[in-house]
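Residue-level structural notes
Here's the letter readout for the chains.
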Amino acid sequence: MTILVTGATGSVGRLVVDELLATGVPVRALTVDPGRAKLPPEAEVVVGSLAKPSTLPVALKGVSAVYLAPMARTVRRFCELAADAGVERVVALSGSSVGDGHEGSSGNEYGAVEAAVREAGFAWTFLRPGAFMNNTLDWADMVRAGEVRMAFGDATQTPIDLADIAAVAARVCTSDGHVGATHVLSGPEAISLREQVSTLGSVLGREIRFHELTRDEQRAQWIGYGVPEAAVDWLLDGFEETLRHPQVPTGVVQDLLGRPGTTYAQWAAARRDVFA
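These remarks concern the structure in this document. (Residues numbered from 1 in each chain as written. Predicted model: local features only at pLDDT ≥ 70, side-chain atom pairs only at ≥ 80, totals over all residues. Heavy atoms only, no water.)

What follows concerns the overall build of the protein. When helices and strands are tallied, the protein shows 13 helices and eleven strands. Taken over the C-alpha trace, the protein has a radius of gyration of 19 Å; the compact-globule value for 276 residues is 19 Å, and the two agree within 12%. If one aligns the C-alpha atoms of the protein with their principal axes, the spans along those axes are about 55 × 35 × 35 Å. Expressed as a percentage of its 276 residues, the buried residues of the protein come to 47%. A separation of at least 24 residues holds for 72% of the contacts in the protein among residues at least 6 apart in sequence. (Helix = DSSP H or I, 4+ residues; strand = E, 2+ residues; numbered from the N terminus. Rg over C-alpha atoms; globule rule 2.2 N^0.38 Å. Buried < 20%, exposed > 50% of the residue type's maximum accessible area, 1.4 Å probe, protein only. Contact = heavy atoms within 4.5 Å.)

Right under this line is the structure:
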């Protein structure tokens, strides 16, 4: 049972390769840059990308299951080629924003991926994580300077470690009982932006101040960085929503893995050098 991991150089896909290899199943890794991916020698490497469907027939040959990275633009062509190759099982990375109709929402792309995979008739499972702990790596320069400047400091989310997403993906790919399931994934705790900054300060052993920006100040900053206006508004609306309605952990990671998910403090401690 060979499992194809698409996006094997990506932030989640690369971890999925390691998790699957640890279970002993044959893994084929699809990547445009094998050198950068530094894939283990146990993985069969195929050069290609979901963005270039012409590279997929070779990658799909003899594959029984696929871990699918989200790429709405070519997903229907992927489904055609995967069906032609005899693929039976698809575990697709999606997101908790599916169903959010805002024009700037990531849910539009995730929804398109889910719809294509479902309509193609595969035995499917969708993984819908929410906010990533890795998003706060963007704060590294501010943390080093001693002050994080963000709007909605008390907005409370349930961020998840990418390694936990990968572990769930590997478990779902290699065990029964998940066909037709949509797993909404979260971290093990509800934590505000302000509390995340405080946690970073504790990990680093020094004070990191939190400076609250207004919504307009945050909006101007992100637009200045080149983020599309629609996406900026969607992100800010999301933070404002979790200010009014704090997120609650789903518990799915613990249920599927039989262990607690990674806390933000644990995640930050493992990346101390990035912020120091």
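Grouped together as the largest cluster of nonpolar side chains are 33 residues, with contacts concentrated most on Val-5, Val-16, Val-17, Leu-20, Leu-127, Val-168 and Leu-185. With nine residues, helix 7 (residues 162-174) is the single largest residue contributor to this core. (Core = buried A, V, L, I, M, F, W, Y, C linked by side-chain atoms within 4.5 Å.)

Okay, the environment of Gly-95 next. Within the element layout of this structure, Gly-95 appears in the loop between strand 5 (89-93) and helix 5 (107-120). Residue classification places Gly-95 among the buried residues on the basis of a relative accessible area of 1%. Setting aside residues no more than four positions away along its own chain, Gly-95 makes contact with Tyr-110, Leu-127, Arg-128 and Pro-129.

On strand 1 (residues 2-5), burial covers both faces: Thr-2 and Leu-4 on one face and Ile-3 and Val-5 on the other are all buried. By the bridge criterion, four bridges tie strand 1 to strand 4 (residues 63-68) in an arrangement that is parallel. Looking across to strand 4, one finds that Ile-3 is bridged to Ala-65. Where strand 1 and strand 2 (residues 27-31) come together, three bridges link them in parallel fashion. Paired with Val-5 across the two strands is Ala-29, which belongs to strand 2. Note that the unit made of strand 1, helix 1 (residues 13-23) and strand 2 has a crossover that is right-handed. (Pairing = 2+ DSSP bridges. Right-handed = clockwise from strand over helix to strand, strands pointing away.)

Positive phi values are uncommon outside glycine, yet Phe-152 reaches one of about 55 degrees. Looking at where Phe-152 falls in the secondary structure, it is placed in the loop between strand 7 (147-151) and strand 8 (156-157).

Right, let's get into the pattern of salt bridges. Evaluation of the coordinates by the stated rule reveals 18 salt bridges. Here Arg-244 ties to Glu-240 by a salt bridge, and the two come within 4.0 Å at their closest N and O atoms. Separated by four residues within a single helix, Arg-244 and Glu-240 lie in helix 10 (residues 229-244), roughly one turn from each other. Taking the relative accessible area as the measure of exposure, Glu-240 reaches 28% and is therefore partly exposed. Here Glu-241 ties to Arg-244 by a salt bridge, and the two come within 2.8 Å at their closest N and O atoms. Taken together, the residues span about one helical turn, with Glu-241 and Arg-244 both in helix 10 at a distance of three residues. With relative accessibility at 36%, the residue Glu-241 sits in the partly exposed group. (Salt bridge = Lys/Arg side-chain N within 4 Å of Asp/Glu carboxyl O.)

Pairing within the open sheet is parallel, and its seven strands lie in the order 3-2-1-4-5-6-9. On the outer flanks of this sheet lie strand 3 (44-47) and strand 9 (181-185), each paired with one strand and no other. Taking each pair of neighbouring strands and ignoring which way they run, the sheet shows an average axis angle of 20 degrees. Contacting strand 1, strand 2 and strand 4, helix 1 crosses the sheet at an angle of about 165 degrees to strand 1. Against the sheet, helix 5 makes contact with strand 4, strand 5 and strand 6 (123-129), and its axis sits at roughly 165 degrees relative to strand 6, the strand it touches most. (Axes fitted to C-alpha atoms, helices over the stretch in contact; angles between N-to-C directions.)

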